[in-house]
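Residue-level structural notes
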Amino acid sequence: GNSVTQMEGPVTLSEEAFLTINCTYTATGYPSLFWYVQYPGEGLQLLLKATKADDKGSNKGFEATYRKETTSFHLEKGSVQVSDSAVYFCALTLSSNTGKLIFGQGTTLQVKP
Amino acid sequence: GAVVSQHPSWVICKSGTSVKIECRSLDFQATTMFWYRQFPKQSLMLMATSNEGSKATYEQGVEKDKFLINHASLTLSTLTVTSAHPEDSSFYICSATGLAGGPSFFGPGTRLTVL
């Protein structure tokens, strides 16, 4: 079946550290891939996306590259800030309607000053 | 971005009662709305897809008679948990999509606790 696996958290980093959150997927067909972020008390927000192999999604200093050969979509940021503390969800869709998503379990990021 | 609201943000009810959760798109018309359920420290699981004016499509394993979904207008979808039991306690999240293939916007979620 189709699924998304994320590294378990919480991930705790100091400010300005390098961030990697691993995400791998299993899918029949050619999925679109997403990273969503959920700040405390708020709804999920789309952070970035990639729709085909070798695409790189980027936003707010975060990047992720769609790697078909390793079925991965790892999230990276060169220098995290305290304000990046949140829960990050990797997700995929095989539907033309991008609202029908399969999520990973989420990874909590805590950034300390 | 577009705003999706949910009401209530949390609810506590007695076992056997029914609870209605509303999902509203505040500044756009939502042709499709999705309902997800999230257990503690687990991922969001899609429960059903609802299109305005038609019956919802439920994912495998989701009881449609227990989780009634109505999408009567382009800005409102409701999820009613009928005869709720403690195992229905969870975090329910909706999302809404405007145009086909467009981005999906999420509500902040509703915490349901059944005693």
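Criteria and thresholds
Residues numbered from 1 in each chain as written. Chains lettered and ligands numbered in written order. Predicted model: local features only at pLDDT ≥ 70, side-chain atom pairs only at ≥ 80, totals over all residues. Heavy atoms only, no water. Disulfide = S-S within 2.5 Å. Helix = DSSP H or I, 4+ residues; strand = E, 2+ residues; numbered from the N terminus. Buried < 20%, exposed > 50% of the residue type's maximum accessible area, 1.4 Å probe, protein only. Phe/Tyr/Trp six-rings, centres within 6.5 Å; stacked < 30°, edge-to-face > 60°. Core = buried A, V, L, I, M, F, W, Y, C linked by side-chain atoms within 4.5 Å. Contact = heavy atoms within 4.5 Å.

As for the state of the cysteines
All names here are of chain A. This model, assessed by the stated rule, comprises two disulfides over all chains. At a sulfur-sulfur separation of 2.0 Å, the disulfide partner of Cys23 is Cys90. An S-S torsion of about -70 degrees defines the bridge between Cys23 and Cys90 as left-handed. One end of the pair, Cys23, is in strand β4 (residues 23-26); the other, Cys90, is in strand β10 (residues 86-93), and 67 residues separate them in sequence. Relative accessible area serves as the criterion here: at 1%, Cys23 is assigned to the buried category.

Focus: the packing of aromatic side chains
Tallied over the entire structure, the rule returns eleven aromatic pairs over all chains. Ring geometry for Phe34 of chain A against Tyr36 of chain A: centres 6.2 Å apart, planes inclined by 35 degrees, an arrangement best described as tilted. For the pair Phe34 of chain A and Tyr36 of chain A, a shared accessibility class is recorded, and that class is buried. Counting every residue linked through ring pairs, the aromatic cluster contains Phe34, Tyr36, Phe89 and Phe103 of chain A together with Tyr36 and Phe106 of chain B.

Considerations on the nonpolar core
Note that soluble globular proteins tend to have their nonpolar side chains buried in a common cluster. By size, the foremost hydrophobic cluster in this structure holds 26 residues, and its most contacted members are Leu19, Trp35, Leu47, Leu48, Phe73, Leu75 and Tyr88 of chain A. At the level of elements, β2 (11-14), β3 (19-21), β4, β5 (32-38), β6 (45-50), β8 (62-65), β10 and β12 (107-112) of chain A are the ones that each hand at least two residues to this core. Looking at which element gives the most residues to this core, the answer is β10 of chain A, with four residues. Beyond its immediate stretch of four places on either side in the chain, Leu19 of chain A contacts Val11, Leu13, Phe62, Leu75, Glu76, Lys77, Val80 and Leu109 of chain A. If you look at the next biggest cluster of nonpolar residues, it comprises 23 residues, including Val11, Val19, Ala96 and Leu112 of chain B.

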